[in-house]
Amino acid sequence: MDLKNNFLKKTGFNWGLPLVIFLLIAFLPLYGSSYNVTLFIYFLLYMTLAVAWTIFSGATGYISLATAAFYGLGIYAAALFGESMPFIFVIFIGGAASFVLAFLVGALTLRLKGIFFAMFTFGLVLLMKEVLYWWELTIESVRGYFVVSYSNNAIFYYLLGLLLVTIIVAYAMSKSKYGLALKSIGENEEAADHIGVNVTLVKITTFAISATFMGAAGVIMASKLTYIDPVIAFNPMMSFSPALMATFGGMGNLYGPVIGAVIFTYLQEILTTGTLKSYYMLIFGSILVVTIMYLPRGILGLFQQLWNRFRRVKSAPTSRG
Amino acid sequence: MEELLNIILGGLLIGGIYSLISMGMSLQYGVAKVLNIAHGEFLMFGAFITFAMQQAGINPLLTIIVVGPTMFIAGFILYRTVFTTIRVRSPNPGVFEGNGLLAAFGLYFVVQNIAVLIWGSTPYSYRYLTTSWDVGGADIFANRLVAALFAIAIGVLFYLFLKSTRSGKAIRASAQDAPTAGLMGVNINFVLSLCFGFGAAMAGIAGSLFSLCYAINTTMGLQQTLLAIVIVTLGGLGSIPGSFIGGFILGIIGTAVSYWQPGLVVASYYVIFVILLLVRPKGLMGK
Amino acid sequence: MHLLQGDKVTVNFGGLVAVSEVDFYTDTGEILGLIGPNGAGKTTLFNLISAAIKPRSGSITFKGKNITGMKPYQVCRMGMSRTFQTVKVFGNMSVLDNVRLASLFGNPQKPSESEATREASELLEFIGLSKDAYLSASELTLANQKRLEMARALAAKPELLLLDELMAGLNQTEVSDAMEDIRQVRDRGVTIIMIEHVMKAIMSICDRIIVLNYGKKIAEGTPEEIVKSKTVIEVYLGE
């Protein structure tokens, strides 16, 4: 029991409830229907993307619109290498390729004002789509690839594993001194620079790490698609959804993007199979706009504000020095 | 040689439209401090309104009288409601820039969806002033010439407005230092919304002019926004004259690339972007 | 060799020359004052020294090394810290973490996490903020935020500390406390350059004073010399 208490104290985290939820999810393919497994695949995917996005954009405030570019890169990695290598290798390749791309993009733009980063990442998806489209048309005269497909259950477990790794890395980072440095960059970059934080390197590295998970996710999901081409692989919507989920959920901690992912994946499921099918981009876009207007810290931020106010009202006023 | 002339002339002609698009975006970012990712969607809407009216029998050039003010009002209202709320609630300009960007991203999807609902995803085009003249071996199409002249005229008019009128001065003051301008009696909320509206109007008009010469479809906005971003960077963030010149430069480059490899036009924009970021991020005329 | 030396340092913003051919130096153990009317270029000079901006021409040497063109974090790790005119604490982080961060990243000896916590606690004790260690920095009063900034700057173990208008917005008592803090910091072996408008503080603490006006250095000397200087009096009364 002492070990458990030490563990709890050291990590400051109540592992009870999440552990139960995790076990429930982990055993889903055994008791759930195929439909449910597929649904949860999307839950896991978007949770991974939203958390990965938050690792960088949530901490620093630099809004990355390039998620779809790394995700698409992962899909293409699966297409190119999926038949010749074990799947786990392909995942690493996809992740590594995204890391490198993100590092280059970061090295180019993150040493400049934040707006350049936004502008560059915004067009990145379109760029990759166009270049690959041109490449396939002109150089290879073959459009698209067929991808090795794996069973639903296999994809489910790969994603679950990826989500776990993503969350563990995100959590470890936030508790480490790099997490602190990252937070300070989001608070006041100039001050962080002046107290010895190599601001540019921290930003670039964090961005690259977050991209790695996005690429890995793309590799895994590619096997659900069976056929891919540049238009399918590079879809701006994949940049939008994680941003929406993280913003709505709240970027202050890891729960926010997870909750946001669950809500919007479910909403997406409902909307795309109902009468509102052609309206769902409109609805989601509007939700994002309204969220930013009135709930910039997301749902979780709102709860935190209310909780703080509640706490302050309860305790007696302390004298200030 | 003929080809070169074709490229330069063709580039200059489309450059007129490009200049207009990017001046609009420069205005929105330089003054209203919003990187309007949905800028291309205003362009697309302008193009489609013109198309719809043209199909109903109205001269497309006349439709500008409708498109301009309509887009202006839409932009004004959008800024007055959405972005002003965000601006007022942002603790500092950096946060506003980030939140404004996300909001514009959301708007991109909203406007896209609306357009697709109304018009679907197929391309449309119409024929207007398709006569052409032979100038030294190169072809000049009447519609492209008219479009370019209109674009340049509007751009120059707006620039004169900024330089000489009181409202223009208020705008320039707000661009430099909004809080101080506010203290000196400028109604900041109004001026910033005005600028955003102007920017949207320019995008819409550029779209109308675009439809005179080229086919349009509901997904055309993204590439135009990206182009505007590169031009604005090339000209210098916040510099309206810079965007004007940059538009022509990129018109020529874009035309040249589409002669050589039409599928690499976006890639060529990015090459320029990368070079700019490496060598001179503040562009030609940036401060 | 001077601890810090600047030769003909110049920088301009667009058409405006903010700092024009300014020579300066400071020696170990000194408290150097930097004064001048608003807009004279004092903070700009600080920005040049801390490498936040690059000079157009001229050079700056710190501990014998040319630091022109370095990044602020590099200069910090060499042993220079600063505070800011508008307080730049990390509002949503705890007071303790604000200081710990500087210790973890700015201290060239690279302390471990526990060492950094210990050093940060000591500094908070020194500056009088121990009881607020777990508050968010944004919850502190202005005077305490300024103290926090100083503690944070000290956590990087600087040999040279730049203080930018530490006393702006403080009342009489707070000014006296701040003056005492500065003396104690100097006694700990830190050289100090301070920008200040509060004349009482400048005159009583500083060993030497440099006066700037419109980006140019117009006077330099001991407090007594400066007080008597005709040029300086003109600048302050004629404005």
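Reading the values: rules and limits
Sequence positions are assigned chain by chain, starting from 1 and proceeding in written order. Key to labels: chains lettered from A, ligands numbered from 1, both in the order written. This being a predicted model, a pLDDT of at least 70 is required before a residue's local features are given, and a value of 80 or more before pairs of side-chain atoms are given or counted; all residues contribute to the totals for chains, interfaces and linings. The helix and strand labels rest on DSSP assignments: H or I over at least four residues marks a helix, E over at least two residues marks a strand, and numbering proceeds from the N terminus. What the globule rule says is 2.2 Å times the number of residues to the power 0.38, and the radius of gyration is computed from C-alpha atoms. Think of it this way: build a C-beta for each residue from its backbone, and any pair within 7 Å is a contact. Exposed residues have 12 or fewer other C-beta atoms within 10 Å of their own C-beta, buried residues have 20 or more, and residues in between are partly exposed; the C-beta atoms are placed from the backbone. By this rule the span expected of a helix is its residue count minus one, scaled by 1.5 Å. Note that the arc is defined by the directions from the helix axis to the C-beta atoms. The residue classification treats Ala, Val, Leu, Ile, Met, Phe, Trp, Tyr, Cys and Pro as nonpolar and Asp, Glu, Lys and Arg as charged. All others, Gly included, are polar. Only when DSSP finds a minimum of two bridges between them are two strands counted as paired. Fitted lines through C-alpha atoms give the axes, limited to the stretch in contact for helices. The angle between two N-to-C directions lies from 0 to 180 degrees. Known as pLDDT, the predictor's per-residue confidence is scaled from 0 to 100. Any nonpolar core is a set of buried residues, restricted to Ala, Val, Leu, Ile, Met, Phe, Trp, Tyr and Cys, that join up through C-beta atoms within 7 Å. In this entry, domain limits derive from an automatic or database-based domain assignment. Here the angle decides the label: under 35 degrees means roughly parallel, over 145 means roughly antiparallel, 65 to 115 means roughly perpendicular, and every other value means oblique.

Turning to the overall build of chain A, a few remarks are in order. Looking only at helices and strands, chain A has 16 helices and 2 strands in total. At 21 Å, chain A has a C-alpha radius of gyration in line with the 20 Å of a compact globule built from 321 residues. By principal-axis analysis of the C-alpha atoms, chain A measures approximately 75 × 50 × 45 Å. Relative to all contacts within chain A whose residues are 6 or more apart in sequence, the contacts with residues 24 or more apart total 79%.

On to the overall build of chain C. Within chain C, the secondary structure is distributed over 9 helices and 10 strands. The C-alpha atoms of chain C give a radius of gyration of 18 Å, which matches the 18 Å a tight globule of 239 residues would have. In terms of overall dimensions, chain C has a C-alpha envelope of 50 × 40 × 35 Å along the principal axes. Put simply, chain C has 239 residues, and 49% of those count as buried. Residue pairs in contact within chain C that sit at least 24 positions apart in sequence constitute 66% of those at least 6 positions apart.

With that settled, the discussion passes to helix α8 (residues 188-213) of chain B. Over its 26 residues, α8 of chain B extends 38 Å from the first C-alpha to the last, a length consistent with the 38 Å expected when each residue adds 1.5 Å. A large share of α8 of chain B lies buried, amounting to 23 of its 26 residues.

Another point: helix α11 (residues 265-279) of chain B. Given a rise of 1.5 Å per residue, 15 residues ought to cover 21 Å, and the 21 Å separating the end C-alpha atoms of α11 of chain B matches this to within 8%. Those residues of α11 of chain B that sit buried are V266, Y269, Y270 and F273 of chain B. Projected onto a plane normal to the axis of α11 of chain B, the buried residues spread over an arc of 95° and lie on a single side. Relative to its buried face, α11 of chain B has exposed residues pointing more than 90 degrees away, namely I275, L278 and V279 of chain B. In this structure, the buried residues of α11 of chain B make contact with α7 (114-140) of chain A together with α9 (221-235) of chain B.

So, on to the interface of chain C and chain A. Contacts between the two partners involve 26 residues from chain C and, on the opposite side, 18 residues from chain A. Looking at the side of chain C that touches chain A, the elements with two or more residues in it are α2 (72-78), α3 (95-106) and α5 (142-155) of chain C. Of all the elements, α3 of chain C adds the most residues to the side of chain C that touches chain A, at 6 residues. For the side of chain C that touches chain A, the class distribution of residues is 12 nonpolar, 6 polar and 8 charged.

Let us look at the sheet that holds strand β8 (residues 191-195) of chain C. Either a parallel or an antiparallel arrangement is found when strands of a sheet pair, and the pairing is made through backbone hydrogen bonds. All names here are of chain C. Strands sit in the order β6-β7-β8-β3-β9-β10 across an open sheet of 6 strands; the sheet is mixed. If you trace the sheet from one side to the other, it starts and ends with β6 (80-82) and β10 (216-221), each paired once. Across the sheet, the mean angle separating the axes of adjacent strands is 15° when strand polarity is ignored. Where strand β3 (residues 31-35) lies against β8, 4 bridges are found, and the strand directions are parallel. In the strand pairing of β8, G33 is matched with M194. In this fold helix α1 (residues 42-49) packs onto β3, β6, β7 (160-164), β8 and β9 (208-213), with an angle of close to 150° to the strand it touches most, β7.

This part is about the interface of chain B and chain A. Chain B puts 38 residues into the contact, and the matching count from chain A is 37 residues. Those elements that place two or more of their residues in the side of chain B that touches chain A are α3 (60-89), α4 (93-119), α9 and α11 of chain B. Top contributing element to the side of chain B that touches chain A by residue count: α4 of chain B, with 17 residues.

What follows deals with the pairing of β9 of chain C. Residues and elements named next belong to chain C. Most of β9 sits inside the fold, with 5 of its 6 residues counted as buried. As judged from the 4 bridges shared by β3 and β9, these two strands associate in the parallel manner. Each residue of the ladder has a partner; that of G33, found in β9, is I209. Taking the residues between adjacent antiparallel strands as the criterion, β9 and β10 are bridged by 2 residues, where Y214 takes a positive phi near 50°.

Residues and elements named next belong to chain C. If you trace the 4 strands from one edge of the open sheet to the other, you get β2-β1-β4-β5, paired in antiparallel fashion. The open sheet terminates on both sides in strands that have one partner only, identified here as β2 (16-26) and β5 (65-66). For strand β4 (residues 57-62) and β5, the ladder comprises 2 bridges, and the chain directions are antiparallel. Residue T61 lies in a different strand from β5, and its bridge partner there is N66. The strands touched by α1 within the sheet are β1 (4-13), β2 and β4, with β2 carrying the most contacts at an inclination of about 65°.

Scored by pLDDT, chain C comes out at a mean of 91, with 99% of its residues at no less than 70. Overall fold confidence for the complex sits at a pTM of 0.91, while the interface term, ipTM, reaches 0.91.

This part is about the nonpolar core. Judged by nonpolar contacts, the single largest core of 276 residues is most densely connected at L159 of chain A together with I17 and A206 of chain B. Residue contributions to this core peak at 16 residues, all from α8 of chain B. Taken together, domain 1 (1-79 + 158-239) and domain 2 (89-157) of chain C each give at least three residues to this core, which thus spans both. Leave out the neighbours within four places in its chain, and A206 of chain B touches I17, L20, I21, L43, G46 and A151 of chain B.

Residue and element names in this part refer to chain A. Across the interface, helix α5 (residues 67-81) lies against α7 with an axial gap of 7 Å and an inter-helix angle of 30°. Classified by the interaxial angle, the pair formed by α5 and α7 is roughly parallel. Taken together, the residues of α7 that come into contact with α5 (itself represented by A68, A69 and G72) are L124, V125 and M128. Here the contact of α5 with α7 is composed, by residue class, of 5 nonpolar, 1 polar and no charged.

Bringing the environment of V190 of chain C into the picture now. Residue and element names in this part refer to chain C. Looking at where V190 falls in the secondary structure, it is placed in the loop between α6 (172-187) and β8. With 128 residues separating them along the chain, V190 and F62 place their C-alpha atoms 14 Å apart. Contacts of V190, omitting those with residues within four sequence positions, involve P158, E159, L161 and V185.

Once that is clear, we can look at the domain arrangement of chain C. All names here are of chain C. Under the domain assignment, chain C is made up of domain 1 (1-79 + 158-239) and domain 2 (89-157). Between domain 1 and domain 2, the contact holds 10 residues from the first and 11 residues from the second. Ranked by the residues each element gives to the side of domain 1 that touches domain 2, the list is headed by α6, at 3 residues. Per-class residue counts for the side of domain 1 that touches domain 2 are 6 nonpolar, 1 polar and 3 charged.

Another aspect to go through is the pairing of β3 of chain C. Counting buried positions over the 5 residues of β3 of chain C gives 5, a clear majority of the element. Along β3 of chain C, one buried face is formed by I31, G33 and I35 of chain C and the opposite face, lined by L32 and L34 of chain C, is buried too.

A separate point is the packing of helix α6 (residues 166-176) of chain B against α8 of chain B. Residues and elements named next belong to chain B. Contact pair α6 / α8: the axes reach a minimum separation of 10 Å and the direction vectors enclose 100°. By the angle between their directions, the pair α6 and α8 is classed as roughly perpendicular. Of α8, the residues touching α6 (which contributes A170, I171 and S174) are I188, V191, L192 and C195. Broken down by class, the residue content of the contact of α6 with α8 amounts to 6 nonpolar, 1 polar and no charged.

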